[in-house]
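# What the coordinates show
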Amino acid sequence: MSVVQLDRVTKRFGQFTAVSEVSFDLEKGGILSLLGPSGCGKTTTLRMIAGFEEPSSGDVLISGTSMRGKRPYERNVGLLFQDYALFPHMSVAHNVAYGLRRRGYERSRISARVGEMLDLVKLNGFDDRRPAQLSGGQQQRVALARALATNPEVVLLDEPLSALDAKLRQELRIELKQILSAVEATTIIVTHDQEEAMSLGDRLVVMNEGRIVQEGPPTEVYRNPHTKFVAEFIGRSNWLSGTLRTPGDQGLCVFETDGNLSIWVPEPTLEATSYEVCIRPERIRIGFQPIDRRSMDYSNQLQGTVKNVAHLGADIHLVVQLPGGETITISEQFTGQSLDQYGDTIEFTFLPEDCIVVAANP
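Residues numbered from 1 in each chain as written. Predicted model: local features only at pLDDT ≥ 70, side-chain atom pairs only at ≥ 80, totals over all residues. Heavy atoms only, no water.

Scanning the protein chain from terminus to terminus reveals 8 helices and 20 strands. Overall, the C-alpha framework of the protein chain stretches about 75 × 50 × 35 Å when taken along its three principal axes. Sorting the 362 residues of the protein chain into buried and exposed places 46% on the buried side. Taking as baseline every contact in the protein chain between residues at least 6 positions apart, the subset at least 24 positions apart corresponds to 65%. Of the accessible surface of the protein chain, which amounts to about 17800 Å², a share of 46% is contributed by carbon and sulfur atoms. A distance of 10 Å separates the average location of the 37 positive side-chain charges in the protein chain from that of its 46 negative side-chain charges. (Helix = DSSP H or I, 4+ residues; strand = E, 2+ residues; numbered from the N terminus. Buried < 20%, exposed > 50% of the residue type's maximum accessible area, 1.4 Å probe, protein only. Contact = heavy atoms within 4.5 Å. Areas by Shrake-Rupley, 256 points an atom, 1.4 Å probe, with all protein chains shown as cover. Lys, Arg positive; Asp, Glu negative; His and termini not counted. Charge placed at Lys NZ, Arg CZ, Asp CG, Glu CD.)

With that settled, the discussion passes to the sheet that holds strand 13 (residues 262–266). Spatially, 13-12-11-14-20 is the arrangement adopted by the 5 strands of the open sheet, whose pairing is antiparallel. The strands lining the two open edges of the sheet, one partner per strand, are strand 13 and strand 20 (355–359). For this sheet, the mean inter-axis angle between neighbouring strands, taken without regard to orientation, is 45°. (Pairing = 2+ DSSP bridges. Axes fitted to C-alpha atoms, helices over the stretch in contact; angles between N-to-C directions.)

Turning to the nonpolar core, a few remarks are in order. Here is a general trend for soluble globular proteins: nonpolar side chains tend to be buried in one another's company. One finds Val96, Val114, Val142, Leu144, Leu148, Leu157 and Leu180 to be the most contacted residues of the largest nonpolar core, which totals 34 residues. Elements with a minimum of two residues in this core: helix 2 (92–102), helix 3 (107–120), helix 4 (136–149), strand 7 (154–158) and helix 5 (166–182). Ranked by residues supplied to this core, first place goes to helix 4 with 6 residues. Contacts of Val114, omitting those with residues within four sequence positions, involve Ala93, Val96, Ala97 and Leu100. (Core = buried A, V, L, I, M, F, W, Y, C linked by side-chain atoms within 4.5 Å.)

For Asp193, the position within the fold is in the loop between strand 8 (187–191) and helix 6 (194–200). Although Asp193 is buried, it makes no salt bridge; Arg173 carries the closest opposite charge, 4.2 Å away. Looking at Asp193, its side chain comes within polar contact range of the main-chain nitrogen of Glu195, at 2.9 Å. Each residue touching Asp193, except ones within four places of it in the same chain, is listed here: Leu35, Arg169 and Arg173. (Salt bridge = Lys/Arg side-chain N within 4 Å of Asp/Glu carboxyl O. Polar contact = N/O pair within 3.5 Å; in protein donor to acceptor, adjacent residues only side chain to side chain.)

So, on to the packing of helix 2 against helix 4. When two helices pack together, you describe them by how their axes are tilted relative to each other and by the distance separating the axes. The contact between helix 2 and helix 4 brings their axes to 7 Å, and the two run at 25°. Classified by the interaxial angle, the pair formed by helix 2 and helix 4 is roughly parallel. Relative to helix 4, helix 2 is oriented so that their crossing is right-handed. Residues Val92, Asn95, Val96 and Leu100 of helix 2 lie in contact with helix 4, whose contacting residues are Val142, Ala145, Arg146 and Ala149. (Parallel < 35°, antiparallel > 145°, perpendicular 65-115°, else oblique. Left-handed = near helix turned anticlockwise from the far one by under 90°.)

Looking now at the environment of Val319. Following the sequence through the fold, Val319 ends up in strand 17 (residues 315–321). On a C-alpha basis, the gap between Val319 and Tyr342 in space is 9.2 Å, while along the polypeptide they are 23 residues apart. The contact partners of Val319, leaving out residues within four places of it in the chain, are Thr305, Val306, Lys307, Asn308, Thr327, Ile328 and Thr329.

What follows is about unusual backbone geometry. For Ser63, which is not glycine, the phi torsion reads 55° and is therefore positive. Assessed through its relative accessible area of 29%, Ser63 is described here as partly exposed. One non-glycine residue with positive phi stands out, namely Ala85, at about 55°. Note on placement: Ala85 falls in the loop between strand 6 (77–80) and helix 2.

Right, let's talk about the packing of helix 4 against helix 5 for a bit. In the contact formed by helix 4 and helix 5, the axes pass within 11 Å of each other and the chain directions differ by 20°. One finds that helix 4 runs roughly parallel with respect to helix 5. Crossing handedness for the pair helix 4 and helix 5: right-handed. Counted together, Gly137, Gln140, Arg141, Leu144 and Leu148 of helix 4 and Leu168, Leu172, Glu175, Leu176, Ile179 and Leu180 of helix 5 form the full contact between these two elements. Within the contact of helix 4 with helix 5, the residues separate by chemical class into 7 nonpolar, 2 polar and 2 charged. (Nonpolar A, V, L, I, M, F, W, Y, C, P; charged D, E, K, R; others polar.)

Structure (structure tokens):
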């Protein structure tokens, strides 16, 4: 049985529909990332699961039981808010114990459970500190320990790392996934950060304008986005507009760009009147070099002029102008070798399977 199930859930605020016909389920121990831009309906969806909002139609079920009419405290749900919502006048131990006391746990059991949770989040010895005496990362761990302390059926995390700086977010992302996996917590994470969603979630649900536009394993959504919106939202992308010509062999087509370049692309699976092609910057390789995955007969070998070079730590991003005027970005790992400079002409290669063909936006 699914621990969490949403059945055609819709939420309206007056004439505005914030969430429309959203359905998904989550098995025990699974981690699902709800991803989308601000205003897409993901936080409203989370609030309906938590009980802070009542669906206008449809139903939310937890462990097979409808949550209609049940208030937040009547649902066995653990919450980690964006701002952590720790009680500033309470110690770390009392913050973690808050939900246990509300549920009437015995004092000895509360003490033991608080110790287990602080050990889990690596905050042993912090029992008597107040939230103001902790770093942002430590506060986040206290909030997580409090959310997990009561053994909730489902844990809901609303932008759990957004209040932290970029470096700390990367470090805690790994730690958070390890903690959730260790306790086999059934978890739903709301985020607008695609890296966070992909690294934390076993499944990805992408939302836009109140609807689910694609769902699946993170790598599958990244490699095979169904629409331009999903392709742009999940990772970096270069776009070429043009015309799809007669299909060739091996499931390939020739795509003639608006800049009069011809490239090999996979034959699209969905019919449309016009198409666009996405090429991920990291899938492009500088130089005309053979790649084992497919015969060089079908490699796309192009030239362009370097317009900008950006050093981003371990990566280098080159902005390259194609002969027809289009520009693309190439992402390469920095090896310490001399770099291409502004105005240089470079050659580069990408394969047909590195191209994502989607219907052009109307």
